[in-house]
Amino acid sequence: KRDDDLHIGGIFPMEGEGGWQGGQACKPAAELALADVNARSDLLSGFKLLLHSNDSKCEPGLGASVMYNLLYNPPQKLLLLAGCSTVCTTVAEAAKMWNLMVLCYGASSPALSDRARFPTLFRTHPSATVHNPTRIKLMQKFGWSRIAILQQAEEVFISTVEDLEAHCKKVGIEIVTRQSFLSDPSDAVRNLRRQDARVIVGLFYVVAARRVLCEVYKHKLYGKSYVWFFIGWYEDNWFETNLEREGLDCTAEQMREAAEGHLTTEALMWNQNANQTTISGMTSEDFRSRLNEALREAGYNIDGERFPEGYQEAPLAYDAVWSVALAFNKTMEKLEKNGLSLKNFTYTNKKIADDIYEAINSTSFLGVSGLVAFSSQGDRIALTQIEQLTDNHYVKLGYYDTQADNLTWLDRERWVGGKVPPDRTVVVNEL
Ligand SMILES: CC1(C)CO[C@@H](CC(=O)O)CN1
């Protein structure tokens with residue numbers, strides 16, 4: 001057994017019923033990164049980084065047992081990679097007891113931005129709250145100061161709405177009504193009409209989004225007098241698929257009509273400048289073709305039925321491994337000054353854990369997912385992208401850099417009525 005190996009645990013959601021099976025593309029991406037960092041002679045001074053992976057099925061209980069198996073079976077692990085908000089919550093809450101850092105590549109829940117509960121958590125996946133400054137920026141750009149919120153009663157959306165409400169209060173945007181539903185949105189949508197809501201932020205998973213859109217069609221809450229903000233990470237034709245299977249009594253044509261013109265916000269996960277060389281020497285497009293090759297070898301195919309879940313997030317897993325390698329490299333350099341190395345780490349060694357924490361906390365490099373850096377809460381700092389559905393296609397409208405408060409706008413927006421819809425009924429006084 002070579003003793004110059006450094007070991008980390010990897011918890012990937014591969015197969016399961018609920019949640020996100022993003023490990024399908026994220027595990028191959030992490031393994032690509034392992035090969036790349038281990039091929040670098042200038043990293044980890046001769047040590048090899050080894051990843052010990054297991055499937056969590058995106059279930060917190062299974063994720064916890066996978067974590068215990070990784071910790072109680074040799075070799076000793078230095079850090080844990082994990083995906084899925086529910087699994088990261090469980091793993092990150094426990095890992096501090098073993099002085100282990102946890103790096104989450106697939107967790108969007110705002111609840112994870114809590115250093116008190118998760119003192120050793122970092123995530124290359126941005127929190128769902130990253131959309132909110134972008135939504136506010138757009139409302140200010142188009143003069144909307146009276147909005148409504150429609151949300152599914154899920155933890156991630158509840159905490160995202162709380163963050164959005166705080167932002168709105170700060171900038172004087174009035175929330176006329178906040179409607180939530182468990183699975184049937186019909187009452188909630190009817191109440192939106194009753195409150196004369198015109199600019200509506202919708203927060204729900206994609207199946208619920210189709211139900212909302214069909215209700216929106218029935219209540220005519222769309223067209224030139226309405227603006228909808230939807231989440232941007234649904235599949236491109238989400239509004240016209242699975243209609244029969246999900247028992248929707250709207251036709252594809254009706255869904256398209258109701259969807260026309262809506263805006264979406266999403267966090268950028270692939271470096272936008274496709275030919276910009278990143279720390280690995282690859283551009284994000286080079287990464288895409290290597291990932292596609294690795295996925296084909298793993299039995300998936302990109303242009304077909306066996307499309308892997310987590311493809312969108314794969315750069316986050318790739319960059320998570322680079323974050324670990326660079327942080328370990330920095331820590332090794334520091335430890336070597338005292339004649340120590342990461343091989344001296346034990347689950348009770350808080351001193352070395354603090355060194356690793358400091359190294360990850362000061363991460364800053366250009367990865368295939370863009371600039372990789374973390375906030376003081378361990379959250380990924382990310383750009384967001386704004387799109388609009390026009391003639392059944394998503395058109396890029398612009399990008400927003402929250403840190404710099406810089407909106408890059410492409411002036412491609414189009415409004416059904418030919419002008420920006422007002423956020424309230426406009427009374428025209430007869431002269
Ligand atoms: C953008 C999305 C789909 C949000 O959920 C993440 C999974 C989770 O938060 O559990 C994966 N990425």
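Note that the structure is a prediction, hence the values are computed from the model and not measured.

Draft legend 1. Spatial organisation of the site of the ligand. Near the ligand you find Trp 20, Cys 84, Ser 85, Gly 106, Ala 107, Ser 108, His 125, Trp 233 and Glu 313, and these make up its full shell. A distance of 2.7 Å separates an oxygen atom of the ligand from a polar atom in the side chain of Ser 85. The separation between a nitrogen atom of the ligand and a polar side-chain atom of Glu 313 is 2.8 Å. Contact with the protein chains removes 86% of the 330 Å² of surface that the ligand exposes when unbound. For the shell around the ligand, the class distribution of residues is four nonpolar, four polar and one charged.

Draft legend 2. Main features of the nonpolar core. Formed by 84 residues in total, the largest nonpolar core has its most connected members in Leu 49, Leu 81, Phe 287 and Phe 328. In contact with Leu 81, other than residues within four places in its own chain, are Ile 8, Gly 9, Gly 10, Ile 11, Leu 51, Leu 103, Tyr 105, Ala 320, Val 321 and Val 324.

Draft legend 3. Seen up close, the environment of Val 416. Following the sequence through the fold, Val 416 ends up in the segment after β15 (406-409). When its relative accessible area of 51% is taken as the criterion, Val 416 is described as exposed. Through-space distance from the C-alpha of Val 416 to that of Leu 121 is 44 Å; in sequence the pair is 295 residues apart.

Draft legend 4. Just helix α2 (residues 60-72), in detail. For α2, spanning 13 residues, the distance from its first C-alpha to its last is 18 Å, which sits close to the expected 18 Å at 1.5 Å a residue. Along α2, the positions that sit buried rather than exposed are Gly 63, Ala 64, Val 66, Met 67, Leu 70 and Leu 71. All buried residues of α2 fall inside an arc of 165 degrees around its axis, so they share one side. Within α2, the exposed residues directed more than 90 degrees away from the buried face are Gly 61 and Tyr 72. On its buried face, α2 is in contact with β1 (5-12), β2 (48-55), β3 (79-83) and α3 (85-95).

Draft legend 5. Fine view of the packing of helix α1 (residues 23-38) against helix α10 (residues 314-336). Running from N to C, α1 and α10 cross one another at 35 degrees; their axes reach a closest spacing of 7 Å. Judged by the sense of rotation from one axis to the other, the crossing of α1 with α10 is right-handed. Note on element contacts: α10 touches α1 through Ala 314, Ala 317, Tyr 318, Val 321, Trp 322 and Ala 325, opposite Ala 25, Cys 26, Ala 29, Ala 30, Leu 32, Ala 33, Leu 34, Asp 36 and Val 37. Residues that form the contact of α1 with α10 fall into these classes: 14 nonpolar, no polar and one charged.

Draft legend 6. How the structure looks around the environment of Arg 117. Looking at the element boundaries, Arg 117 is found in the loop between β4 (101-106) and β5 (121-123). Classification of Arg 117 as partly exposed rests on a relative accessible area of 33%. Ignoring anything within four residues of it in the chain, the contact list for Arg 117 reads Thr 89, Glu 93 and Lys 96.

Draft legend 7. Highlighting empty space enclosed by the protein. Under the definition given, this model contains one cavity of 30 Å³ or more. Each pocket or cavity is described by its volume, and for the largest cavity that value is around 110 Å³. What lines the largest cavity is a set of 15 residues, among which Gly 223, Tyr 226, Val 227, Glu 260 and Gly 261 lie closest to the centre. Every element with two or more residues in the lining of the largest cavity is listed here: β9 (227-231) and α8 (252-259). Of the residues in the lining of the largest cavity, the class split is nine nonpolar, four polar and two charged.

Cut-offs used in this document
Residues numbered from 1 in each chain as written. Predicted model: local features only at pLDDT ≥ 70, side-chain atom pairs only at ≥ 80, totals over all residues. Heavy atoms only, no water. Near = heavy atom within 4 Å. Polar contact = N/O pair within 3.5 Å; in protein donor to acceptor, adjacent residues only side chain to side chain. Areas by Shrake-Rupley, 256 points an atom, 1.4 Å probe, with all protein chains shown as cover. Nonpolar A, V, L, I, M, F, W, Y, C, P; charged D, E, K, R; others polar. Core = buried A, V, L, I, M, F, W, Y, C linked by side-chain atoms within 4.5 Å. Buried < 20%, exposed > 50% of the residue type's maximum accessible area, 1.4 Å probe, protein only. Contact = heavy atoms within 4.5 Å. Helix = DSSP H or I, 4+ residues; strand = E, 2+ residues; numbered from the N terminus. Expected span 1.5 Å × (residues − 1). Arc of directions from axis to C-beta. Axes fitted to C-alpha atoms, helices over the stretch in contact; angles between N-to-C directions. Left-handed = near helix turned anticlockwise from the far one by under 90°. 1 Å grid on protein atoms, 1.4 Å probe; cavity = no way out; pocket = protein on both sides within 12 Å on 5 of 7 lines; lining within 4 Å. Points joined across faces, edges and corners; volume = space filled by probe spheres on them.

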